[in-house]
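What follows is the residue order along each chain.
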Amino acid sequence: MIDMLLVEYQNKINARLDMLLPENGMYYDSVVKASRYSLLGNGKRIRPILLLEFYKLCGGDDDCAYNFACAVEMIHTYSLIHDDLPCMDDDDYRRGRPSCHKEFGETLALLSGDALLTEAFGVASKTMGINPEYVVKALTVLSANAGINGMVGGQVMDVEGENAEFQSNYSLEMCRLKTGALIKTACMCGVILAGADESKISAAANYGENLGLAFQLIDDILDASGDSEVIGKPVGSDVKNDKKTFVSELGIECCKKMADEFTKKALEQLNMFDGDKQNLTELTDYLLHRIK
Ligand code: GRG
């Protein structure tokens, strides 16, 4: 059931992303080609799906929110391209194939990230069929959480904390920002675009924050013990890079328990909504047990 739902969403999101960033035949088309290579790779599209599901849960007509949902995926893809660069995590594989800089070189990879981030705000602002006040409010939340006090801040903590002793509080805050901020934003923006009230926006934020922490823990577990064919990049890169993660410090079993706890807390927040929560409940559970 959840598998079918995900494939249906992924097909629609991929078709929209393809349309939103067409090759242009200009002298600078190389940056479009490199951006499309990463954007249209084999991503799970979890963030746009969360946005669309929260939007529907709050009574929205899902087709209107696709541009905004795709904008969140564009920002996520930019962050992956930049994170893979040698000056950051230095990863050669992403989404089952060579990372952007391995295929197109560092300069174009850097510029593709810049392009995706910038174009994302243009795409989101062209959301039609939704009250413009809601769109502006969602844009404000998106920029705040993708920026200094969100994902970028978390990435800075990751880079700067690399050689420090492991500190649980530091690492939790880093995950909350680096991974959680964009996931939280997707959930919040779905609710905001549907015009729901502050209590629902806050429930979506709490759901997203807890889901984001669980998501990062599972990501660390998969990096330590997943199947590289399935996850689309080599396993053990954290160990290879001598990176201190929750898994290296607390062990896999403890991390599974923590992910379980955060997932339960996320699910509790869904009680704040009156609509049909089955899809979101199944998606939350799927993410806890995911293998990629
Ligand atoms: C460069 C500003 C900047 C930020 C980078 C997101 C991020 C911040 C770094 C990615 C590092 C990483 C692998 C974090 C673990 C959690 C995570 C975001 C995994 C990738 O997201 P998925 O699993 O990937 O949704 P797909 O490919 O399915 O979209």
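Anything mentioned here points back to the structure above.
Residues numbered from 1 in each chain as written. Predicted model: local features only at pLDDT ≥ 70, side-chain atom pairs only at ≥ 80, totals over all residues. Heavy atoms only, no water.

Draft legend 1. Molecular detail of the site of the ligand. Near the ligand, the surroundings consist of 19 residues, among which Lys44, Arg47, His76, Asp83 and Arg95 are the closest. Interatomic distance of 2.6 Å between a side-chain N/O atom of Lys44 and an oxygen atom of the ligand. Within the contact set of the ligand, an oxygen atom lies 2.7 Å away from a side-chain nitrogen or oxygen of Arg95. Against a free-state accessible area of 700 Å², the protein chains account for coverage of 93% of the ligand. Secondary structure elements with two or more residues in the shell around the ligand: α4 (66-84), α8 (151-160) and α11 (198-225). Top contributing element to the shell around the ligand by residue count: α4, with 6 residues. (Near = heavy atom within 4 Å. Polar contact = N/O pair within 3.5 Å; in protein donor to acceptor, adjacent residues only side chain to side chain. Areas by Shrake-Rupley, 256 points an atom, 1.4 Å probe, with all protein chains shown as cover. Helix = DSSP H or I, 4+ residues; strand = E, 2+ residues; numbered from the N terminus.)

Draft legend 2. Representation of unusual backbone geometry within the structure. At Arg45, a position not held by glycine, the phi torsion is positive, near 65°. Examined against the element boundaries, Arg45 turns out to sit in the loop between α2 (29-39) and α3 (46-57).

Draft legend 3. Structural detail: the packing of aromatic side chains. In this structure the tally under the stated criterion is 4 aromatic pairs. Note on Phe54 and Tyr207: the rings are 5.1 Å apart at their centroids and 65° apart in plane angle, and the pair reads as edge-to-face. Of this pair, Phe54 sits in helix α3 while Tyr207 sits in helix α11, and the two are 153 residues apart along the sequence. The burial state of Phe54 is the same as that of Tyr207; both residues are buried. Here the aromatic rings of Phe54 and Phe273 are separated by 5.6 Å at their centres, their planes lie at 65°, and the arrangement is edge-to-face. Taken together, the positions of Phe54 in helix α3 and Phe273 in the loop between α15 (252-269) and α16 (278-288) put the pair 219 residues apart, joining distant regions of the chain. Each of the two residues, Phe54 as well as Phe273, counts as buried. Among the aromatic residues, ring-to-ring pairing joins Phe54, Tyr207 and Phe273 into one connected group. The ring centre of Phe215 lies 3.9 Å from the NZ or CZ of Arg290, which sits over that ring. (Phe/Tyr/Trp six-rings, centres within 6.5 Å; stacked < 30°, edge-to-face > 60°. Buried < 20%, exposed > 50% of the residue type's maximum accessible area, 1.4 Å probe, protein only. Lys NZ or Arg CZ within 6 Å of the ring centre and 35° of its normal.)

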